[in-house]
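Letter by letter, the chains look like this.
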Amino acid sequence: MTPAPSEAWTSRVAFLLRDGFGIVPVAVETGPAGTDTLNFVVTGDDGRRWFVKTSPHGADVSEAEGAAALAAYAGRCGVPVAAARPTVGGSRFVAAHRGTAVSVTEYVPGAVTADGRLDGGLWEEVGDVVGRLHHGLARHAFGPPGLGPRDKTVDLARNPARLAGLVRRYEAAPPATEFERWAVRTAREKLARLPEVERLLEKVPPRMLTQLVHGDLSGPNVLLRDRRVAALIDFRPPGRRGPVWELGRLALDPRTVLSQPDWPDGLGRLAAAYHARYPAVGVEELVCVARVAAVALALSVYPLNTVVAGLGPATGSLESYARDRHRAAAVLRERLDEAEELLREHLRRTAPAGSPRWPRSPRSRTPRGSDMTLSLSHLGDLLAGYLERYPDERGALGALWAVLDAGGDPASRAAFPGELTCSAVVIDRERRVLHVRHRATGRLLVPGGRFEDFDGTLSAAALRTAEEEAGLPAFSLTPMPGFEAGPIDIDVTPAPAGEEPAHPRYDFRFAFRLAEDAPEPVPGAEEADGTCWLPFDRVSSPGLRAKLDGSGPAEGVVPPSPFPSGSVPQIVGVHLWLERDGKVLLGLRHPDSAYAGSLWHFLAGHCEAESATACLAREAYEEAGLVIDPADLDLVHVVHLLHRPGVPPRVQLFFRARRWEGVPELREPDKCVAWRWWDPKDLPDALVPYARAAIEGIGAGRLYTEVGWPR
């Protein structure tokens with residue numbers, strides 16, 4: 001549960017509203033709380049009302065930006081949304097200050113949520129709006145539909161293990177309340193029903209449509225007014241899931257299933273309205289919507305895991321919701337045949353003749369000129385955005401630009417003198433890049449392949465190749481923050497003559513972040529015989545390596561430098577000089593730490609795609625729970641460090657914090673086991689050497705120290 005806001009935090013929110021959004025608050029009302037947000041309805045001095053979402057404990061600003069941008073995109077597609085108010089200057093949707101992030105959307109007066117309220121004509125109304133949403137998102141840069149494994153909520157390889165783990169956690173700490181005792185009984189019952197769930201899944205296609213979706217579409221996030229959908233709210237950051245899963249999640253909310261006896265007929269009418277608006281989802285898949293929802297509820301651990309997972313106390317409303325979910329799952333199973341019969345009837349009655357059932361296989365073709373072929377404007381927009389980011393590459397891409405400028409068809413090998421390929425740059429939490437080893441040559445390359453007509457966009461082609469070559473489904477990948485709208489790299493290489501004349505190959509490379517629950521990559525293409533993860537400084541492509549190196553720690557031997565004039569990348573580290581009563585804060589590294597085990601060291605980190613002060617403020621919060629404004633950091637020392645020949649030099653920056661909030665906490669105990677304030681004149685013997693050199697330099701009033709360089 002989110003704690004009540006402090007006075008200091010409230011003042012930061014007021015500051016962000018004024019300086020970030022140009023809103024001077026004159027009245028503030030408490031709004032419905034989110035899982036980890038505090039929300040308010042704010043009236044500005046101009047009389048306008050706004051819905052303000054705030055995160056008092058810090059937030060992933062890039063994810064919040066992505067969610068707001070996705071909602072704005074949906075609005076441009078004609079979907080009713082609560083319009084996001086951009087920050088002053090119009091460049092962003094989220095403002096942040098000292099660990100607090102704020103976003104603002106228009107307030108929708110007189111609206112109620114759709115939670116348990118679907119009845120009558122609302123079934124068709126909601127089906128039409130969701131169809132409009134998915135139809136619009138299918139044309140987003142990361143939204144084009146493609147075949148993928150069934151949604152992860154109905155994954156029998158993943159969810160039973162979570163249920164079994166939940167039972168073990170309850171058994172390790174015996175249930176203390178009636179809700180906990182009911183929760184463990186229910187979890188055991190779910191495990192016992194797994195054979196029945198497997199039988200339910202036999203009629204669900206193993207591969208279903210996936211695309212960009214809302215991500216959290218449920219009754220509370222659909223606002224109704226005058227029996228119409230007034231707005232969809234609370235979008236998640238861009239991510240691919242199954243549209244059938246999302247449709248069922250909203251339509252078959254447990255409260256609706258339990259309170260509306262005629263829900264099977266209403267579901268059929270909703271699916272028919274959805275299909276009329278968005279026929280790309282085939283009839284066969286839509287008939288499975290109730291079955292997918294039933295399996296998802298049968299396998300779900302939420303909210304049974306609320307107490308043991310530390311998500312919050314089991315309140316009365318949460319207990320009631322948990323029991324409703326369990327009863328609704330039983331009702332769905334009991335009335336499944338009835339629901340599917342009505343779904344077929346309504347869809348057969350309303351589907352136009354020749355209704356598309358695209359796509360039937362990942363290699364199916366879409367007729368030239370359809371919405372799914374590559375458009376000249378799409379490619380031109382990607383190239384223009386890329387050259388704006390990397391203007392020095394204009395010469396290398398000049399031939400491609402000239403072809404597009406002349407109106408050449410990029411998907412036609414006859415009209416387009418080159419080959420378009422797409423690659424997926426998959427980056428994991430340790431800032432490593434996935435590579436596939438090719439059997440014939442032994443080369444390590446990122447997953448990639450030719451663009452196909454059915455891909456629709458180049459980014460969709462990159463997602464497809466990640467699944468085909470490395471077994472990573474689209475739902476396990478999300479666009480890397482900062483590269484949602486275009487490629488991170490475009491590589492130009494000559495393709496030698498063979499079956500075709502020699503021609504240039506343009507490889508558009510899109511960066512994706514790997515989800516925590518993603519499956520292990522496995523080689524899927526016949527020509528591949530293995531996969532591996534390489535740190536940024538060992539990425540196989542020099543051009544891509546140049547863009548990634550310096551975005552995170554680079555361990556190991558540096559390959560031949562891709563940089564001009566023999567220069568090498570310098571890794572930037574940031575360190576916090578936090579002083580209290582004449583003593584400086586140091587942390588004791590975990591004995592098993594990959595670096596400096598059992599040694600004392602500063603709170604520190606490596607710069608990602610961010611400024612040094614922003615990086616240090618982030619690290620201070622992530623490692624120790626300290627809230628620091630980057631503007632309150634002053635550079636006090638620089639250490640230019642060379643650990644040994646052959647590894648990248650490091651520029652170690654030390655910043656003094658003039659002020660901060662909080663006390664040091666052990667938030668990453670696998671890295672740091674203790675915080676302690678040390679007298680700079682009485683330091684521990686077990687201290688990282690360059691940290692000692694920096695402390696001595698600061699004490700002597702020097703700004704710069706060199707360590708490890710030959711004299």
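Right above here is the structure, for reference.
This text gives an overview of the structure that appears in the document. On a predicted model such as this, the values are computed, not experimentally measured, just so you know.

**Focus: the packing of helix H7 (residues 243-251) against helix H11 (residues 289-299)**
Argument step 1. At their nearest, the axes of H7 and H11 sit 8 Å apart, and the two run at 75 degrees to each other. The angle between H7 and H11 places the two elements in the roughly perpendicular class. Across the interface between the two elements, Val244, Trp245, Leu247 and Gly248 of H7 pack against Val289, Val292 and Ala293 of H11.
Argument step 2. A per-class count over the contact of H7 with H11 returns six nonpolar, one polar and no charged.

**Examining the sheet that holds strand E8 (residues 207-212)**
Argument step 1. With antiparallel pairing, three strands are arranged side by side in an open sheet as E7-E8-E11. Pairing within the sheet leaves two strands with one partner each, and these edge strands are strand E7 (146-149) and strand E11 (240-241).
Argument step 2. Examined bridge by bridge, E7 and E8 share four bridges and lie antiparallel to one another. Note that in E8 the partner of Leu147 across the bridge is Leu209.
Argument step 3. Each of E8 and E11 touches H7; the most contacted strand, E8, lies at about 80 degrees to it.

**Topic: helix H12 (residues 316-334)**
Argument step 1. Taking 1.5 Å of rise per residue, 19 residues should cover 27 Å, and H12 covers 27 Å from first to last C-alpha, within 8% of that figure.
Argument step 2. Residues Leu318, Tyr321, Ala322, Asp324, Arg325, Ala328, Ala329, Val331, Leu332 and Arg333 constitute the buried set of H12.

**Things to note about the packing of helix H5 (residues 178-192) against H12**
Axis angle and axis distance: for two packed helices, these are the angle between their axes and the distance between the axes, and together they describe the pair.
Argument step 1. The interhelical angle for the contact between H5 and H12, taken along N-to-C directions, is 20 degrees, at an axis separation of 11 Å. Overall, the two elements H5 and H12 adopt an arrangement that is roughly parallel. Between H5 and H12 lies a crossing of left-handed hand. Of H12, the residues touching H5 (which contributes Glu178, Phe179, Trp182, Thr186 and Glu189) are Glu319, Ala322, Arg323 and His326.

**A look at the sheet that holds strand E4 (residues 94-97)**
Argument step 1. The five strands are arranged E1-E2-E3-E5-E4 in an open sheet whose pairing can be described as antiparallel. At either margin of the open sheet sits one strand with a lone partner, and together these are strand E1 (25-30) and E4. Pairs of neighbouring strands in the sheet enclose a mean axial angle of 30 degrees, with direction left out of account.
Argument step 2. Across six bridges, the pairing between strand E3 (residues 49-55) and strand E5 (residues 100-106) is antiparallel. Within the sheet, the bridge partner assigned to Thr54 lies in E5 and is Val102.

**Comments concerning helix H19 (residues 689-700)**
Argument step 1. Spanning 12 residues, H19 covers 17 Å between terminal C-alpha atoms, matching the ideal 16 Å at 1.5 Å per step.
Argument step 2. When H19 is considered as a whole, its buried residues turn out to be Tyr690, Ala691, Ala693, Ala694, Ile695, Gly697 and Ile698.
Argument step 3. For H19, the elements touching its buried residues are strand E20 (571-577), strand E23 (600-601), strand E25 (633-641), strand E26 (650-657) and strand E28 (704-707).

Definitions and cut-offs
- Counting starts from 1 at the beginning of each chain's written sequence and moves along it residue by residue.
- Thresholds applied to this predicted model are a pLDDT of at least 70 for local features of residues and 80 or more for the giving and counting of side-chain atom pairs; totals over whole chains, interfaces and linings are not thresholded and use all residues.
- With hydrogens and water excluded, all non-hydrogen atoms of the structure serve as input to the side-chain values.
- Angles here are taken between N-to-C directions and fall from 0 to 180 degrees, while the axes themselves are lines fitted to C-alpha atoms, restricted in helices to the stretch in contact.
- Secondary structure elements follow DSSP: runs of H or I of four or more residues count as helices, runs of E of two or more count as strands, with numbering from the N terminus.
- Roughly parallel covers angles under 35 degrees, roughly antiparallel covers those over 145, roughly perpendicular covers 65 to 115, and oblique covers all other angles.
- Two residues qualify as a contact provided that any one of their heavy atoms is within 4.5 Å of a heavy atom in the partner residue.
- Charged residues are taken to be Asp, Glu, Lys and Arg, nonpolar residues to be Ala, Val, Leu, Ile, Met, Phe, Trp, Tyr, Cys and Pro, and polar residues to be all remaining types, Gly included.
- Two strands qualify as a pair provided that DSSP identifies no fewer than 2 bridges between them.
- Every helix has an expected span of 1.5 Å times one less than the residues it contains.
- Classification of residues uses two cut-offs on accessible area relative to the type maximum, computed with a 1.4 Å probe and protein chains only: under 20% is buried, over 50% is exposed, and between them is partly exposed.
- In this scheme the crossing of two helices becomes right-handed for a clockwise turn of the near helix relative to the far one and left-handed for an anticlockwise turn of less than a right angle.

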